[in-house]
Amino acid sequence: MSVATATAVRTAAATEEPPCAPLPVLGRDVAVPLVTGGSVTYAALDYAASAPALQRVWDDVAAYAPYYGSVHRGAGHLSQLSTELFENARRTVAAFLDCRPDDQLVFTRSTTDSLNLLAAALPAGCEVYVFETEHHAALLPWQSARLTVLDAPRSPRQAVETLERALAGRDPHGPALVCVTGASNVTGELWPVRELAAAAHAHGARIVLDAAQLAPHHPVSVRDLDVDWVAFSGHKLYAPFGSGVLAGRADWLRAAEPYLAGGGASRRVTRDTDGTVAVEWHDSAARHEAGSPNVIGAYSIASACTALTEAGFASLVAREQRLIARVRAGLAEVPQVTVLSLFGDDAPRVGVVSFVVEGWNSSHFAAALSAEYGIGVRDGLFCAHPLLRTLLGTAPATEAECGAPQNPLSALRVSFGAGTPDEHIDRFLTAVRELVTHGARWTYETKDGRCVPVQEDGN
Ligand code: PLP
C-alpha cells in the first residue's frame, strides 16, 4: 500500500456521502462597510487562524451559563453540576479523539499551550524530531531538548523516508519524540501521520500529532493513527472560549513536574518541621491543570465535538472538498496566481489554500479584498517562517509600499470550513479575478507595516 493511500487520514471525498449544507455559525449575517460605498455580509475566509463559533456551541454555552459555578471545589449544587459538566466534557472530547482507555486528556489554553506542556514533560535526555515545515507552535517548544530539524519533504513518502533516515541508528532505548502536523496551516496538505507514527515507533520514538488544522476538518482517531499524543485548539474547532487539548499517554505526564504549580494540581500540601512546604501532586490530568479550570472553554470544545460528530464528518468533508476543488480551479484560471504546495496537486488537503499574486504585495491584496469586497483572508508568513522561505525562495526582503510589486516574501491564505457558504468562495474568486485584471479601485498606504485604505478625509 502506498504512503498516500495508507495515510490514516482518509479524505471523505472518496466516500459517496452527499455534501451537507453549511453549519450555522455566528457572524454569518454581519455586514461590514466597503470603502467604495455601502456594505456587504462579511465573508470570513480565515478559518485556519480562528473559525467562527458554531451557533450550536454558542447556544449550548448560553444554556449552561446560568448554571455556571466553581469547579472541583464547591459543595453547592451548581458547583457540583459544573464539575460534572467539566468531567463529562473531558470524556466527550476523549471519545471524539478515540483515545485509549488509559490515556489522559488535559484541558489547556491552546495547541501552543499543549505542545509547551508536553515539552516541559519530556524525560531527561529526550531527543525531538520536527520538520522545518511545522507551525512555530510545533517547531519552537523543544529548544531545550536534543532537537533535530528535518528538511521539508516534497512528498508524503519522502516525509516518511526522511524521518526513518533521521531515526536510524539512534539508541531505541533512549526517549525520543517526533512532532508532526496532521494538516499544514500553509498548504492545507495532509501529512502521512500513521506512517510517520509507525516509523517513530519502529525506532523507539513516540509521536505527538499537531491536529490544530486537522481536527476541525477530519475525524482524528488516536488509536487508528497510533499517535502517542494529540493537541488541538478550541478556537479553530468552532469553540472560541480559550481552551485547548492535549490527550495521550499518561506516563510522561504523570512523571513530569506539574506544568503550573498551584491549587487543583496538588493532592496534599504540608509544612515540614524545617519550615519548607512538601507537596503531593495529583497523578491524573489535574496535575497539569492547576488553577481554576476554564469550564466554559472545555464545555464549548465538547459541544463542538458533538456538533461535528452529529453533522457527520463524511458529509462535512464532502462539502469542503467541493469548495477546495472550486477554489483551486478558480485560482488556476488566473495566470498571475501561484498556489503554494509541497506535495503537489493530487495531495489530499483541507480547506486551506495559500498563494502569491504576481506583481502584488500580499498585504495590499488582502487589504483590497477586505476593503472593497468584505472578505477576510490572511497575509504574511503564517507563523511558519522556515516553510514559507522554502516555498517562496530566499530572496532578500524589500520594504514594498502598497501597490508596488514585491519579491514574493509573504503570501495570502484563504481558509474555510463547516460554516462557509458557496457565495463566499464565489465572491473571493470574482474579487481575485477583478483585482488582477483591473487593479484595486481604491488607494492604499502603508501604516505600521500594513496596507490600509487611504481615508477620504486624508486621515
Ligand atoms: N499548529 C498549527 C498547524 C496551527 O495552524 C496553529 C495556529 O494557527 C497552531 C499550531 C497554534 O494554535 P494556537 O494559536 O491555537 O495555539
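In this text the structure is predicted, and so the values were computed from the model without any measurement. (Residues numbered from 1 in each chain as written. Predicted model: local features only at pLDDT ≥ 70, side-chain atom pairs only at ≥ 80, totals over all residues. Heavy atoms only, no water.)

This part is about the site of the ligand. The immediate surroundings of the ligand are formed by 14 residues, with Thr112, Asp210, Ser233, His235 and Lys236 found nearest. Taking His135, its side chain carries an N or O atom lying 3.3 Å from an oxygen atom of the ligand. Take Ser233: an N or O atom from its side chain is 2.6 Å from an oxygen atom of the ligand. The residue makeup of the shell around the ligand, split by class, is three nonpolar, nine polar and two charged. (Near = heavy atom within 4 Å. Polar contact = N/O pair within 3.5 Å; in protein donor to acceptor, adjacent residues only side chain to side chain. Nonpolar A, V, L, I, M, F, W, Y, C, P; charged D, E, K, R; others polar.)

By definition, the strands of a sheet pair up through backbone hydrogen bonds, in either a parallel or an antiparallel sense. The strand order across the open sheet built from seven strands is 4-10-9-8-7-5-6, with neighbouring strands paired in mixed fashion. For this open sheet the edge positions go to strand 4 (104-108) and strand 6 (146-150), each flanked by a neighbour on one side alone. Going across the sheet, the axis of each strand differs from the next one's by a mean of 20°, ignoring polarity. Sheet topology places strand 4 next to strand 10 (residues 244-248); five bridges connect them, and they run antiparallel. Across the sheet, Thr108 pairs through a bridge with Gly244, a residue of strand 10. Its contacts with the sheet put helix 4 (residues 111-120) on strand 4, strand 7 (176-181), strand 8 (206-210), strand 9 (229-233) and strand 10, and the angle it makes with strand 9 is roughly 150°. Against the sheet, helix 6 (residues 156-167) engages strand 5 (127-131), strand 6 and strand 7, with an angle of about 155° to strand 5. (Pairing = 2+ DSSP bridges. Helix = DSSP H or I, 4+ residues; strand = E, 2+ residues; numbered from the N terminus. Axes fitted to C-alpha atoms, helices over the stretch in contact; angles between N-to-C directions. Contact = heavy atoms within 4.5 Å.)

With that settled, the discussion passes to the pairing of strand 11 (residues 266-271). Looking at chain direction, strand 11 and strand 12 (residues 277-281) are connected through five bridges and run antiparallel. Bridge pairing in strand 12 places Val269 opposite Val279. Counted along the chain from strand 11 to the antiparallel partner strand 12, the turn is five residues long, and its residue Gly275 has a positive phi close to 95°.

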